Amino acid sequence: MTAATAFTHDVPPQRVVFASGALARVAQEAERLNIGRALVVATPGSGARLGNTVSDILGSRSAGLHAQAVIHVPKAVAETGLKAALETKADGIVAVGGGAAIGLAKAIALQTALPILAVPTTYSGSEATPIYGMTDGQRKITGRDAKVVPRTILYDPDLTSGLPAAVSAASGMNAIAHCVEALWVDGRTPITVGLASEAMRRFAQGLPVVVVDGSNAAARADCLIAAWLAGTVLCAGAALQHKLAHVLGGLGLPHAEAHAIILPHVMRFNLEAAPEAKRRLAEALGAGDPADAIARMLKKFPIPERLREIGFDLGKTEFIADEVAAGAIVAPRPATAGAVRDLLAAAY
Ligand code: NAD
């Protein structure tokens, strides 16, 4: 079988504007969504500076900046964000930044159904999915809801020229993980498989370039397009890679870095059972062994290669193995507790 031959293609429609300098059109795009008072959501620091710029461009359509987004959207952060949206009487959200900013916008939209206009500046791909996530204590809760899908995505590759090498590398590996897993999930369709392969091809060429030279505009544009496609194919579903990253995220480990570290190990575990995925990845990566090719890419990147470097506590192994095994993942191979233990030991 070259792709799933029985499938349901359920990828939400979105308006996507992609251009160098597209940020200048943010007010126009907000108007198109009937947003008269947008709460601009961003992360603190450099995210807040960009958020301020966006708020200025929105002018009278801005209800103010809320620069308090944090990865994995802790419950208290979601509550503060909701309060800000209600207090400012916002009728829409402009999320500017990486997956953290988009994640907080989604948490607010889940409660309010406010429309989201996303201006992504990393490669997380969250802007293209109906998936939301929040953390409560040690557990990450995720779900799907049409309300959280950004109605419009405004991609301006110029905004990524200053993305630090480590963030480019980690969020790029996160997006690559979307592509890899999209090739073996049960919910794959001819479209998602094709998009995942195309995104892999673009990342294989472009990501090593932007990590070394962030100012390479052509490679930046290619990676941002690849990130869009990678987010789109995540809609087809997730399996061991995302389940494991999700449990690790609940324990407080950095999301994109955790994805990057476990990816070659999950690939080694799964690819023999997914020959079509292996063939497509080998072709996109120009390498006989896709897992080794990803491991080599990771080695060259300025991000951690081992779980022990990101504060993973081996004592949590049993908890994680049980959580993953409870998910009863079988595609393309059963993800048993034993398999997860071995994988964590190898990635440690
Ligand atoms: P992030 O949003 O935390 O961004 C990483 C860092 O880069 C932050 O400090 C941010 O301020 C900074 N940054 C972002 N853009 C920048 C730019 N252009 N220039 C300079 N600095 C910049 O991390 P991320 O990897 O983008 O996203 C991770 C989050 O996204 C996690 O919470 C994860 O769960 C979520 N996520 C969700 C989905 C989904 O479909 N729901 C998919 C992927 C990731």
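Draft legend 1. Structural detail: the nonpolar core. Ranked by size, the top nonpolar core spans 79 residues in total, and within it Y123, I176, F203 and L244 carry the most contacts. By size, the runner-up hydrophobic cluster in this structure holds 26 residues, among which are V41, V73, A90 and I93.

Draft legend 2. Spotlight on the site of the ligand. Taken together, 26 residues lie near the ligand, and H72, T121, T122, T129 and K140 sit nearest. Backbone polar atom of A100 to an oxygen atom of the ligand: 2.9 Å apart, as the coordinates give it. T122 places a polar side-chain atom, nitrogen or oxygen, 2.6 Å from an oxygen atom of the ligand. Put simply, the parts of the chain that give the shell around the ligand at least two residues each are α4 (99-112), α5 (165-182) and α9 (255-270). Residue contributions to the shell around the ligand peak at four residues, all from α5.

Draft legend 3. View of the side chain of H246. Relative to the helices and strands, H246 resides in helix α8 (residues 240-250). When its relative accessible area of 17% is taken as the criterion, H246 is described as buried. Once you skip the residues sitting within four places of it in the chain, H246 turns out to touch K140 and T142.

Draft legend 4. Looking closely at the confidence of the model for the chain. The pLDDT averaged across the chain works out to 96; a share of 99% of its residues lies at or above 70. Considering each helix and strand of the chain separately, the mean pLDDT is smallest for strand β7 (residues 139-144), with a value of 91, and largest for strand β5 (residues 116-120), with 99.

Draft legend 5. The arrangement of the packing of aromatic side chains in detail. The tally for this structure, following the rule as stated, stands at three aromatic pairs. Centre to centre, the rings of F18 and Y155 are 5.7 Å apart; their planes meet at 45°, and the pair counts as tilted. Of the two residues, F18 sits in strand β1 (residues 15-18) while Y155 sits in strand β8 (residues 152-155), which places them 137 residues apart along the sequence. Among the residues examined, F18 registers a relative accessible area of 30% and is labelled partly exposed. On the basis of an interplanar angle of 65° and a centroid distance of 6.1 Å, the ring pair of F312 and Y348 is categorised as edge-to-face. Pair noted here: F312 is in the loop between α11 (290-300) and α12 (317-326) and Y348 is in the segment after α13 (337-347), with a separation of 36 residues, a long-range link. According to the relative accessible area criterion, F312 is buried, its value standing at 6%.

Draft legend 6. The arrangement of the layout of surface pockets in detail. The volume enclosed by the second largest pocket comes to roughly 200 Å³. If you trace the second largest pocket, you find it lined by A204, P208, V211, V212, L285, G286, A287, A293, R296, M297, K300 and F301. For the lining of the second largest pocket, the secondary structure elements donating two or more residues are α6 (190-212) and α11. The residue makeup of the lining of the second largest pocket, split by class, is nine nonpolar, one polar and two charged.

Draft legend 7. Highlighting the packing of α8 against α9. Where α8 meets α9, the closest approach of the two axes is 9 Å, and the angle between their N-to-C directions is 145°. Seen from above, α8 lies across α9 with right-handed handedness. Residues L240, Q241, H242, L244, A245 and L248 of α8 form the contact with α9, whose own contacting residues are A258, H259, I262, L263, V266, F269 and N270. Its residues assigned to classes, the contact of α8 with α9 shows nine nonpolar, four polar and no charged.

Draft legend 8. Fine view of the pairing of strand β4 (residues 92-97). Burial analysis of β4 places six of its six residues in the buried class, which makes it a mostly covered element. Both strand β2 (residues 38-41) and β4 contribute to a ladder of four bridges, which runs parallel. Each bridged residue has a counterpart across the sheet, and for A38 the counterpart in β4 is G92. Bridge count between β4 and β5: five bridges; the pairing is parallel. By the bridge assignment, V94 is partnered in β5 with L117. Traced from β4 through α4 to β5, the parallel crossover comes out right-handed.

Criteria and thresholds
- Residues numbered from 1 in each chain as written.
- Predicted model: local features only at pLDDT ≥ 70, side-chain atom pairs only at ≥ 80, totals over all residues.
- Heavy atoms only, no water.
- Core = buried A, V, L, I, M, F, W, Y, C linked by side-chain atoms within 4.5 Å.
- Buried < 20%, exposed > 50% of the residue type's maximum accessible area, 1.4 Å probe, protein only.
- Near = heavy atom within 4 Å.
- Polar contact = N/O pair within 3.5 Å; in protein donor to acceptor, adjacent residues only side chain to side chain.
- Helix = DSSP H or I, 4+ residues; strand = E, 2+ residues; numbered from the N terminus.
- Contact = heavy atoms within 4.5 Å.
- pLDDT = per-residue confidence, 0-100.
- Phe/Tyr/Trp six-rings, centres within 6.5 Å; stacked < 30°, edge-to-face > 60°.
- 1 Å grid on protein atoms, 1.4 Å probe; cavity = no way out; pocket = protein on both sides within 12 Å on 5 of 7 lines; lining within 4 Å.
- Points joined across faces, edges and corners; volume = space filled by probe spheres on them.
- Nonpolar A, V, L, I, M, F, W, Y, C, P; charged D, E, K, R; others polar.
- Axes fitted to C-alpha atoms, helices over the stretch in contact; angles between N-to-C directions.
- Left-handed = near helix turned anticlockwise from the far one by under 90°.
- Pairing = 2+ DSSP bridges.
- Right-handed = clockwise from strand over helix to strand, strands pointing away.

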